[in-house]
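Okay, here's what each chain looks like letter by letter:
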Amino acid sequence: MFFYSIQERKNRDAQMRATINQKLVVSGERDKLKELLRTRLIECGWRDQLKQHCKEIVKQKGLEHVTVDDLVAEITPKGRALVPDQVKKELLQKIRKFLSEQQQS
Amino acid sequence: MNTKCCPHLSVFKATKGLEPFRIIHTYFISCTSREARKRKAKSCVCHTCRQARPRLHSCLSCVYFGCYGLKHIQEHAKSKMHNLAIDLTYGTILCFACGDYVYDTEIEHIAEAQQKIAEQWMGVTNSFSAWEPTDKEVELLQQNPKRRRLTANSTIGLRGLINLGNTCFMNCIVQALTHTPFLRDYFLSDQHNCQMRKDSEQCLVCEMSRLFQEFYSGMRTPHTPYRLLHLVWTHARHLAGYEQQDAHEFLIATLDVLHQHCKGSNGLSNSNPHHCNCIIDQIFTGGLQSDVTCQQCNNVSTTIDPFWDISLDLGPTEAETDFPNGIDKFEEPTSLTNCLKRFTRPEYLGSSAKIKCSICQSYQESTKQLTMKKLPLVACFHLKRFEHSTGYHKKISTYVSFPEELDMTPFMSSSRNHNNGYSEQVIREAASCLSSDYKYSLYAVVNHRGTADSGHYTSFVRQHKDYWFRCEDHLVIRAKLEEVLRSEGSVATGIKLAVHKVKQMCSNNNNMIFL
C-alpha cells in the first residue's frame, strides 16, 4: 500500500501557485489578464449588477455607518457566484496558453 | 464611510510627506520597470504566513506586508501602533484608527498618475476607469433631474425613418450605423468635437451626432432624415437625385465623408492618411495583407492595405483563375465562411499577368493571397449580389448562410501557411476557446429584395442582446433571430469580442456588416 502525505501535497500545490503567480506578475501578463477580466465583467453586466447591490446595502445601512468590510462581506459571495462560466473558461484558457508558451521558450 | 481625509492620515502626511506612499505605489502597485515587477513578484507575500493571499496590505510606516483575511496586517497595526496601511491591489489607504478605508485627493492624484505611467509602459490603451462627473456635469445633472433606465423591453434607440423618395438605401444603412455600439457610445457621450468651425452646418459628423440624439431621445414617431440626405447629396454628388442607389455604395461614401470631416479642414492629420485616429478609423479600419509569391524563386512580397469593408464574390469561379494543378476548385459559395475561404485562398494570377519579381529581376508567373493582418472592431461584409457585365445587370440570389457568431481566426495572416501539425492544433484550440480575440457577433443585416434594376432595402438590427428588429423605412417590427439568419443578406456587420469589443454583424440582401 502506498500513501502520500496530504500536507506535502498541499505545500507543493501552494508552491506551484506561487511560482505561476510570480511568472504572471514578472511578465506583465497578470495585469493584462486583469484588464481583460475587467472588460468581460463590464460587458456582461456583472459590474452594474454588483454596483446596484452595493447601492442597496449603502441605502439600507446609511452612508455614515457602512464600511468597506461590510460591503466586502455581503458582496463577495454574490460576486463570485455571478461570474459567468464563459468568462472563467476564457481566463483559464489564457492562463494555460501563457504557461505552455512559457514552457516552450 | 469616511469621505474626508482622516485626521490620522493628515498627521502622517504632515510629518512624513507623500513619499512613502509614492515609493510603495511605484514598486508594488503600478510597476513601471522590469526590475520593479520582479521585485513585486518576489516579495508580495504576507510577512507572517509567507503566502500570496488576497487583500495583501503594506504598512505605510515600516513596509511590513500582511494579509487582511488572516488578520496579519491588523495584528501588526495593533502591536506596532502603525495605523495606516496600503491595499497592495488597489492602492487605497486603510486607517485602523478610523476602522475603514480613507480617501485623500493628493494621494489619489499620485495613484492616478502612477497608474497612467504604468499603463503606457505596458502598452495598455483605453483601460477602464469609472466615470467621474466633472463639476459642470454635476450641475447639468442637477438641472435635469429626469433619468431614464433601460429595461429589457425598452424600445429606446428604435425609430423608423421616413422614405424621402427612393431613399431606402440610406435608411437601411442609417439603421445599421445607429445600432453600432461603439458609434453609439461615442456620440451619446458627446465626444465629437467639430473640426469644421467655420461651417459646422456642413459637418456630417455633427449631423450623425444629432441623428443619435433623435434615435435615443425616446420619441417613437418616425424621424425624417432630410438634413442627412441633403448633406450626403452635397458631399457625395454621385448619390444625389431621386434614383435608386446602392446601399453599399452609400455606406462607403458615408464612412469616407465622416472620416474626412473628423479630420476637419485644418489638415493637421491629413499628412498621414494611414495613421488617422478618428472614430471611423478606430472602429472600421482593418488591414488586409496581400502576399504575392513568385512561382520561380518563391520570393514573397507583402503589402498591407487598409480596408473598411470586405466585398465577397458569389457565383461559381471561372476556371482560368484557378490554380493550374489546383484541387480546390470553388463551387458556388453557400455560406459566409465559404466566401471568406474563397477570398483568402492563394490565387494563381495566370500566364498573361506576370509580375516583376525583385529577386529574379524579371517578370514571372505568381500567386497572390489575401489575409487579414488587422481586424477592425466592426467587420463589414458585402456580398456582391449584383453582377454588372456589359449590357446586362443580374442579381445573384443564392442563399448565403451566415452565423450569429463569426470566428475570423482561419482568415488571419498569422494562420497563413501553417496548415500543418502543431500550428493547426493551436488554431483549432483557439477556435474552440469560447471567446478568442478574433470572434465577432452579428448586430445588423441589410437586405435587398427585387432585381438588379429596381428593388427595396430593409435591415435587421440588434437593439440589445437577443432583441432583433426589422426596419423598413418608417416601420420597425420585432423580429426573431431565425428570420435574421434566414434573410439573404447584402451587408452584414459584426463587432469584435475583445477589449470592449463585441463584434457583431449586419447583412443585407447584398451586404453584411459584422461589428
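The structure we're discussing is the one just above.
Keep in mind that this is a model prediction, so the values were computed, not measured.

Engineer: Please clarify how unusual backbone geometry should be interpreted in this entry.
Structural biologist: Residue and element names in this part refer to chain B. Even without glycine at this site, Arg-50 takes up a positive phi of about 60°. Position of Arg-50 relative to the elements: it lies in the loop between α3 (34-43) and β1 (56-59). Even without being glycine, Met-81 reaches a positive phi, approximately 60°. Within the element layout of this structure, Met-81 appears in the loop between α4 (72-80) and β3 (84-87).

Engineer: Help me out: how do you make sense of the sheet that holds strand β9 (residues 347-348) of chain B in this one?
Structural biologist: Hydrogen bonding along the main chain pairs the strands of a sheet, whether they run parallel or antiparallel. All names here are of chain B. What the four strands build is an open sheet, ordered β7-β6-β12-β9; its pairing is antiparallel. Both outer strands of the open sheet, β7 (300-307) and β9, are each paired with one neighbouring strand and no more. Relative to strand β12 (residues 366-374), β9 runs antiparallel, the two being bridged by two bridges. Bridging across to β12, Glu-347 finds its partner in Lys-368.

Engineer: Where do I start with the sheet that holds strand β2 (residues 65-67) of chain B in this structure?
Structural biologist: Residues and elements named next belong to chain B. The antiparallel open sheet is built from five strands, whose spatial order is β2-β1-β3-β4-β5. Among the strands making up the open sheet, the edge pair consists of β2 and β5 (100-102). Put simply, the sheet's adjacent strands are angled 40° from each other on average, direction ignored. Examined bridge by bridge, β3 and strand β4 (residues 93-95) share three bridges and lie antiparallel to one another.

Engineer: Explanation requested: the packing of aromatic side chains in the structure shown.
Structural biologist: All names here are of chain B. Scanning all chains against the criterion turns up seven aromatic pairs over all chains. An angle of 50° between the planes, with centres 6.5 Å apart, marks the rings of Tyr-27 and Phe-28 as tilted. Given the relative accessible area of 29%, Tyr-27 is considered partly exposed. The class of Phe-28 is buried, set by a relative accessible area of 11%. Ring centres 5.1 Å apart and planes at 20° place the aromatic pair Phe-187 and Phe-212 in the stacked group. You can see Phe-187 sitting in helix α8 (residues 181-188) and its partner Phe-212 sitting in helix α9 (residues 204-215), a full 25 residues away along the chain. Given the relative accessible area of 0%, Phe-212 is considered buried. Put simply, the rings of Tyr-186, Phe-187, Phe-212 and Tyr-216 pair up and form one aromatic cluster.

Engineer: Would you mind showing me how to read the environment of Arg237(B) here?
Structural biologist: All names here are of chain B. Examined against the element boundaries, Arg-237 turns out to sit in the loop between α10 (226-235) and α11 (247-263). Exposure remark for Arg-237: the relative accessible area of 63% places this residue in the exposed category. In this structure, the C-alpha to C-alpha distance between Arg-237 and Ala-253, residues 16 residues apart in sequence, is 9.9 Å.

Engineer: What's the story with helix α1 (residues 7-16) of chain B in this structure? I'm lost.
Structural biologist: Think of an α-helix as turning once every 3.6 residues; residues three or four places apart then point the same way. Residues and elements named next belong to chain B. Among all positions in α1, only Leu-9, Phe-12 and Lys-13 are buried. Projected onto a plane normal to the axis of α1, the buried residues spread over an arc of 100° and lie on a single side. Of the exposed residues in α1, those oriented more than 90 degrees away from the buried face are Pro-7, Val-11, Ala-14 and Thr-15. Of the surrounding elements, those touching the buried residues of α1 are α2 (19-29), β3, β4, β5 and α5 (105-122).

Engineer: Quick question: what am I supposed to make of the side chain of Gln364(B) here?
Structural biologist: Residue and element names in this part refer to chain B. Position of Gln-364 among the secondary structure elements: in strand β11 (residues 362-364). What makes Gln-364 buried here is its relative accessible area of 17%. Side-chain polar atoms of Gln-364 contact the side chain of Ser-362, separated by 2.9 Å. Excluding its chain neighbours within four sequence positions, the residues that come into contact with Gln-364 are Cys-294, Gln-296, Lys-354, Ile-355 and Cys-357.

Engineer: Honestly, a positive patch on the surface in this entry has me stumped. Any pointers?
Structural biologist: A grouping of Lys51(A), Lys55(A), Lys59(A) and Arg149(B) is seen on the molecular surface, where their side chains present a positively charged patch. Structurally, the position occupied by Arg149(B) is in the loop between α6 (135-143) and α7 (168-178). On the basis of relative accessible area, Arg149(B) is assigned to the exposed category, the value being 66%.

Conventions adopted
- Residues numbered from 1 in each chain as written.
- Chains lettered and ligands numbered in written order.
- Predicted model: local features only at pLDDT ≥ 70, side-chain atom pairs only at ≥ 80, totals over all residues.
- Heavy atoms only, no water.
- Helix = DSSP H or I, 4+ residues; strand = E, 2+ residues; numbered from the N terminus.
- Pairing = 2+ DSSP bridges.
- Axes fitted to C-alpha atoms, helices over the stretch in contact; angles between N-to-C directions.
- Phe/Tyr/Trp six-rings, centres within 6.5 Å; stacked < 30°, edge-to-face > 60°.
- Buried < 20%, exposed > 50% of the residue type's maximum accessible area, 1.4 Å probe, protein only.
- Arc of directions from axis to C-beta.
- Contact = heavy atoms within 4.5 Å.
- Polar contact = N/O pair within 3.5 Å; in protein donor to acceptor, adjacent residues only side chain to side chain.
- Patch = residues over 30% accessible without salt bridge, like charges linked within 9 Å, V, L, I, M, F, W, Y side chains within 5 Å.
- Areas by Shrake-Rupley, 256 points an atom, 1.4 Å probe, with all protein chains shown as cover.
- Salt bridge = Lys/Arg side-chain N within 4 Å of Asp/Glu carboxyl O.
- Lys, Arg positive; Asp, Glu negative; His and termini not counted.
- Charge placed at Lys NZ, Arg CZ, Asp CG, Glu CD.

Any functional reading would require information beyond the geometric quantities listed.
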